[in-house]
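Spelled out from the first residue to the last, the chains are:
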Amino acid sequence: MSEPEVQTSRTSVDYQEHERSESSERPLIPRASKEVQNLLLQHENYLRETTLLARTERTREGDQGQLDIDYHVEIYFAHFHSQWPIIHKPSFHLSKDSQPHVLILSFAMIGLWVTGGRAARTRAKNMHEKLVTLLESRMGDWKSQKDFKDTSWPMSTFQAVLLNVIFAPIREAPPDLQNRCSSMVRALTTTCIAGGLFCYGRIRAQLTPNESLLFSWTWVEETKRLALALFKANLLYNTGMLIISDLGIPLPDGGYLWDAPGSREFYRRYHAQVESGTYETPLICNIFRDVQRGGQGLGLLLQTDSWLGFLASEQERSGGG
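Computed from a predicted structure; not experimentally measured.

(A) Representation of the overall build of the protein in the model. A tally of helices and strands in the protein yields 16 helices and 0 strands. Put simply, the protein has 321 residues, and 53% of those count as buried. Taking as baseline every contact in the protein between residues at least 6 positions apart, the subset at least 24 positions apart corresponds to 78%. Accessible surface, the protein as shown: approximately 15,000 Å² in total, 47% of it carbon and sulfur.

(B) Layout of unusual backbone geometry. Of note in this structure, Glu 172 is not a glycine but carries a positive phi near 55 degrees. Of note, Glu 172 is situated in the loop between helix H9 (155-170) and helix H10 (175-195). Of the residues examined, Glu 172 reaches a relative accessible area of 67% and is grouped as exposed. Located in the positive-phi region is Asn 238, a residue other than glycine, with phi close to 50 degrees.

(C) The packing of aromatic side chains, seen in detail. Counted under the stated rule, the structure contains 14 aromatic pairs. Between Tyr 76 and Phe 77, the ring centres sit 5.1 Å apart and the planes meet at 85 degrees, which makes this aromatic pair edge-to-face. When its relative accessible area of 7% is taken as the criterion, Phe 77 is described as buried. Here a set of aromatic residues connected by ring pairs shows up, and it is made of Tyr 76, Phe 77, Phe 80, Phe 92 and Phe 107. In this arrangement the basic side chain of Arg 121 is found over the ring face of Trp 113, its NZ or CZ atom lying 4.2 Å from the centre. Taking NZ or CZ as reference, Arg 225 lies 3.9 Å from the ring centre of Trp 258, over its face.

(D) Here's a closer look at the nonpolar core. The biggest cluster of nonpolar side chains holds 74 residues, and the ones touching the most others in it are Phe 107, Leu 162 and Leu 197. When sequence neighbours within four positions are dropped, the list of residues in contact with Leu 197 reads Phe 148, Trp 153, Cys 192, Ile 203, Thr 223, Leu 226, Ala 227, Leu 230 and Ile 249. Ranked by size, the runner-up nonpolar core spans 8 residues in total, among them Trp 258, Ala 260, Phe 266 and Tyr 267.

(E) The packing of helix H6 (residues 101-115) against H9, seen in detail. Where H6 contacts H9, the two axes come as close as 9 Å, and the packing angle between them is 25 degrees. One element, H6, and the other, H9, form an angle in the roughly parallel class. Crossing hand, H6 versus H9: left-handed. Contact with H6, carried on its side by Val 102, Leu 103, Ser 106, Phe 107, Met 109, Ile 110 and Trp 113, involves Ser 156, Gln 159, Ala 160, Leu 163, Asn 164, Phe 167 and Ile 170 of H9 and no other residues of that element. Looking at the contact of H6 with H9, its residues break down into 10 nonpolar, 4 polar and no charged.

(F) Molecular detail of the side chain of His 128. Residue placement: His 128 occurs in helix H7 (residues 118-137). Judged by its relative accessible area of 0%, His 128 falls in the buried class. If we skip the residues at most four places from it in the chain, His 128 touches Met 109, Asn 164, Phe 167, Ala 168, Arg 171, Leu 177 and Cys 181.

(G) H6, seen in detail. The terminal C-alpha atoms of H6 lie 21 Å apart, and with 15 residues this matches the ideal 21 Å at 1.5 Å per residue to within 8%. A large share of H6 lies buried, amounting to 13 of its 15 residues. Positive backbone phi, approximately 90 degrees, marks Gly 116, located one or two places after H6.

(H) Summary view of the confidence of the model for the protein. Taken as a whole, the protein shows an average pLDDT of 77; of its residues, 70% reach a score of 70 or greater. When pLDDT is averaged over each element of the protein, H10 comes out on top at 96 and helix H1 (residues 15-18) at the bottom at 43. Long-range and interchain partners of residues 1-37, a stretch whose pLDDT sits below 50, account for 101 contacts in this model, where long-range means more than four residues apart.

(I) Geometry of the pattern of salt bridges. Under the criterion given, the structure shown has 7 salt bridges. Two residues, Glu 265 and Arg 268, come together in a salt bridge whose shortest N-O distance is 2.7 Å. Note that Glu 265 and Arg 268 are positioned in helix H13 (residues 263-276) at a spacing of 3 residues, about one turn of the helix. Residue Arg 269 pairs with Glu 265 through a salt bridge whose shortest N-O separation is 2.8 Å. One end of the pair, Arg 269, and the other, Glu 265, are both in helix H13, 4 residues apart, so they sit about a helical turn from each other. What emerges from the salt-bridge pattern is a single network uniting Glu 221, Lys 224 and Arg 225.

Parameters and conventions
- Residues numbered from 1 in each chain as written.
- Predicted model: local features only at pLDDT ≥ 70, side-chain atom pairs only at ≥ 80, totals over all residues.
- Heavy atoms only, no water.
- Helix = DSSP H or I, 4+ residues; strand = E, 2+ residues; numbered from the N terminus.
- Buried < 20%, exposed > 50% of the residue type's maximum accessible area, 1.4 Å probe, protein only.
- Contact = heavy atoms within 4.5 Å.
- Areas by Shrake-Rupley, 256 points an atom, 1.4 Å probe, with all protein chains shown as cover.
- Phe/Tyr/Trp six-rings, centres within 6.5 Å; stacked < 30°, edge-to-face > 60°.
- Lys NZ or Arg CZ within 6 Å of the ring centre and 35° of its normal.
- Core = buried A, V, L, I, M, F, W, Y, C linked by side-chain atoms within 4.5 Å.
- Axes fitted to C-alpha atoms, helices over the stretch in contact; angles between N-to-C directions.
- Parallel < 35°, antiparallel > 145°, perpendicular 65-115°, else oblique.
- Left-handed = near helix turned anticlockwise from the far one by under 90°.
- Nonpolar A, V, L, I, M, F, W, Y, C, P; charged D, E, K, R; others polar.
- Expected span 1.5 Å × (residues − 1).
- pLDDT = per-residue confidence, 0-100.
- Salt bridge = Lys/Arg side-chain N within 4 Å of Asp/Glu carboxyl O.

Have a look at this one:
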């Protein structure tokens, strides 16, 4: 039985090179591989073999058969993604079969919860407890206090950690599980501060000249959104580890490029944006510094994306950090 994959580097896909012809039909969610479809059973067996999960008998209500991964990933993107838009959807669809299983299962877990059924939510809770246990058991693989050296650092694992700690308060997890998630937030924050996740210059320094514009833009954009989601998770868990002045990154794209349906449209929109002179935005920490000094700029947050409204609330609460 193969061990579930956790520590796998995220490679954003240049979907210009992988895009199918316009005449072909592309399903919303690619067909899941047999390995992914069987992963839940593999995952339980792995946890039992490593004594992380006690063997228990399934109840009739809890035994729902094989989980439809594709369907619940689709539900995730349709109903949850806009609230925490940290995954570049076109890139994910084209690289789905190479993504770490822990990330795909995190999508499916949230998709199960969103459906709202009692049995589905029970299953989502069970998945959550197992995924948190798995991520904890591998913390030594993804936690560090070193600089990120290139784009091969495990972004997908970080995204999976974030989704699981975000899900804990959503499902009103027991206090002990929320405390464990709080510890993971602190570990991930320590790793990302040391790695340079909150410094735009250090993020850009990891790119190389031979990488395409689309790859570079997508990777930087996902990194910025990961940093902002981690900042918000720190607020949820009241860690006190980050303040607004730590956000040395520009605002993320408001959706104009992020939601471009294909590489051709991405490049058209990108060049139109550059020509209009609206491509570059100031660093978030500088926006709030200027607001503190009586300048304008706070409206940029909501103009960019409504999910950034939490930054405006934090500005009012803390006076800008």
